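One letter stands for each residue in the lines below.
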Amino acid sequence: MNFDPQTDGGGVPPDVPVCASSGFTVVAAGVANGPYFAIGHLDGDGLPDLAALTAASDSLRLFLGVGDGTFRMTATIGLADNLQTLAMTDVTRDGVQDIVLLGLSGVFVFSGRGDGTVDAPITSSTCATPGSVVVAALDADENLDIAATCSDTNDVSVGRGNGDGTFAAAMAFETGGYPNDVAAADFDRDGAIDLATANVVANTISVLRSTGNGSFLPNVDYAAANSPYQIAAADLDRDGYPELGVARSATGRTVSIWRNLGDGTFAPRVDYSHGPGITFAFGDLDGDGDIDVVAADQEDMTASLFMNNGDGTFAAPTILDASFSVRTVATSDVNRDGALDIVGTDFASGDLYVFLGQCI
């Protein structure tokens, strides 16, 4: 399940803090009724907005940012499908962000109108058992493409974008066993976007380096801790080469980091322990220019903040008391005060909460 749009190419670029943060304050932000969401821009006011899936996985909800860290729900759109995950980006190339949904019936693209509303969805096919989707420029044209994990066939399905919200027939590229999540970044800095998957059954991550024309070289796998669930990419040591991070599923109490060796290959993972939870997000949480990690501690009703030491390693976590079961997290400056905030959902209710960063 891909719900970190800041790091996987599926949404708005990472917010860059303009002030150092002295801590966080939790506020109730809206009623999403489901754990999975994407952050982007649905209208033209400059405030981050949200799109979220309901708990029943059959509806999409739209939320507009109010500016104080809360969100106002404006629409619920029902779909006769089992929805898996979503992203927000401009796949129709009209200057307005769209919503990309992955369901068992295929990929749904809701073209944004720029006023907080969306058009009826355009549907393209993908594999029979999709799990997660990332949107990125995977070939040499100017259109955005999609890559979806396909758990039963142990591959990632790549559909090249036509620029109008539709995608060409998908091509399959092998991964490790049961890929659950996918991330996109240029790991070897050759100008072409590569892919990486978290493979739950194989207990590996797969890195697929791009040939530059929308196809990929055979996967190179790296050993992961048990049941890797979520994967994301970010440059953690500021050398220009993205690292990989992974959170684990049912037994998850770690975030694992693979350091990029500067050629698109990776050093053995380093594990960082936190409370029981299965999701994480990257972001500069203290405003020092280095990318940090926030991990959801669902059962402990907390979140763990791992501050970057400046070299891609992390200090012992600082624990944020949430008073709710933190299921999923993402980072964005939702109130535009210059400090990065953390958006999370409650496992029990699906309600949205925001840890508001406080400027020093």
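Relevant structure appears above.
Described below are features of the structure shown in this document. (Residues numbered from 1 in each chain as written. Predicted model: local features only at pLDDT ≥ 70, side-chain atom pairs only at ≥ 80, totals over all residues. Heavy atoms only, no water.)

As for the overall build of the chain
Part 1 of the reasoning: Looking only at helices and strands, the chain has zero helices and 28 strands in total.
Part 2 of the reasoning: Relative to the compact-globule value of 21 Å for 360 residues, the chain shows a C-alpha radius of gyration of 18 Å, a close match.
Part 3 of the reasoning: Dimensions of the chain, computed from C-alpha atoms along their principal axes, come out at roughly 50 × 45 × 35 Å.
Part 4 of the reasoning: Each of the 360 residues in the chain was classed as buried or not, and the buried ones make up 63%.
Part 5 of the reasoning: Across the chain, every contact between residues at least 6 apart in sequence was considered, and the portion connecting residues at least 24 apart equals 46%.
Part 6 of the reasoning: If you sum the accessible surface of the chain, you get close to 12200 Å²; carbon and sulfur atoms cover 51% of it. (Helix = DSSP H or I, 4+ residues; strand = E, 2+ residues; numbered from the N terminus. Rg over C-alpha atoms; globule rule 2.2 N^0.38 Å. Buried < 20%, exposed > 50% of the residue type's maximum accessible area, 1.4 Å probe, protein only. Contact = heavy atoms within 4.5 Å. Areas by Shrake-Rupley, 256 points an atom, 1.4 Å probe, with all protein chains shown as cover.)

Details of the pattern of salt bridges
Part 1 of the reasoning: Per the stated rule, a full pass over the model turns up six salt bridges.
Part 2 of the reasoning: Among the salt bridges present, the one from Asp139 reaches Arg160, with a minimum N-O distance of 2.7 Å. Of this pair, Asp139 sits in the loop between β10 (130-136) and β11 (145-150) while Arg160 is found in the loop between β12 (155-159) and β13 (171-174), placing the two residues 21 residues apart along the sequence.
Part 3 of the reasoning: In this structure, Arg269 engages Asp271 in a salt bridge whose closest nitrogen and oxygen atoms are separated by 3.0 Å.
Part 4 of the reasoning: Residue Asp271 is classed as partly exposed on the basis of its relative accessible area of 35%. (Salt bridge = Lys/Arg side-chain N within 4 Å of Asp/Glu carboxyl O.)

Quick look at unusual backbone geometry
Part 1 of the reasoning: Within the chain, Asn154 stands out as a residue other than glycine whose phi angle is a positive 55 degrees.
Part 2 of the reasoning: Counting through the fold element by element, Asn154 comes out in the loop between β11 and β12.
Part 3 of the reasoning: Judged by its relative accessible area of 31%, Asn154 falls in the partly exposed class.
Part 4 of the reasoning: Not every positive phi belongs to a glycine, and Asn203 is a case in point at roughly 55 degrees.
Part 5 of the reasoning: With respect to the helices, strands and loops of the structure, Asn203 is situated in the loop between β15 (194-199) and β16 (204-208).

Brief notes about the sheet that holds strand β17 (residues 220-223)
Part 1 of the reasoning: The antiparallel open sheet is built from four strands, whose spatial order is β14-β15-β16-β17. Two strands lie at the open edges of the sheet, namely β14 (179-185) and β17, each paired on one side alone. Within this sheet the neighbouring strands show an average axis-to-axis angle of 20 degrees, counted without direction.
Part 2 of the reasoning: One ladder, built from six bridges, connects β14 with β15; its direction is antiparallel. Paired with Ala183 across the bridge in β15 is Ala196. (Pairing = 2+ DSSP bridges. Axes fitted to C-alpha atoms, helices over the stretch in contact; angles between N-to-C directions.)

Focus: the pairing of β16
Part 1 of the reasoning: Within β16, five of the five residues are buried, which leaves the element mostly enclosed by the surrounding structure.
Part 2 of the reasoning: In β16, alternate side chains face the same way, and those of Thr204, Ser206 and Leu208 on one face and Ile205 and Val207 on the other are all buried.
Part 3 of the reasoning: Relative to β16, β15 runs antiparallel, the two sharing five bridges. Residue pairing for β16: Ala196 is matched across the bridge by Val207.
Part 4 of the reasoning: Taken together, the four bridges between β16 and β17 define a ladder with antiparallel strand orientation.

A look at the state of the cysteines
As used here, a disulfide is simply a covalent bond connecting the sulfur atoms of two cysteines.
Part 1 of the reasoning: Using the criterion set out here, one finds one disulfide in the structure.
Part 2 of the reasoning: Shown here is the disulfide that connects Cys127 with Cys150, its sulfur atoms set 2.0 Å apart. Because the sign of the S-S torsion sets the handedness, a value of about -95 degrees for the bond joining Cys127 and Cys150 places this disulfide among the left-handed ones. A residue pair is termed long-range when its members are at least 10 positions apart, and Cys127 in the loop between β9 (122-124) and β10 and Cys150 in strand β11 qualify at 23 residues. With respect to class, Cys127 is no different from Cys150; both count as buried. (Disulfide = S-S within 2.5 Å.)

Here we look at the environment of Thr318
Part 1 of the reasoning: If you trace the backbone, Thr318 turns up in strand β25 (residues 318-321).
Part 2 of the reasoning: A C-alpha to C-alpha distance of 8.3 Å links Thr318 and Ala303, two positions 15 residues apart in sequence.
Part 3 of the reasoning: The residues touching Thr318, leaving out its near neighbours within four places in the chain, are Ala303, Ser304 and Leu305.

Overview of the nonpolar core
Part 1 of the reasoning: Core analysis: the largest hydrophobic core is formed by 19 residues, its most contacted members being Leu60, Leu86, Ile99, Leu101 and Phe110.
Part 2 of the reasoning: In contact with Ile99, not counting residues within four places along its chain, are Leu42, Ala51, Leu60, Leu62, Leu86, Ala87, Met88, Phe108, Val109, Phe110 and Val118.
Part 3 of the reasoning: In terms of nonpolar packing, the next biggest core, distinct from the first, is built from 17 residues, Leu285, Ala322, Leu340 and Phe355 among them. (Core = buried A, V, L, I, M, F, W, Y, C linked by side-chain atoms within 4.5 Å.)

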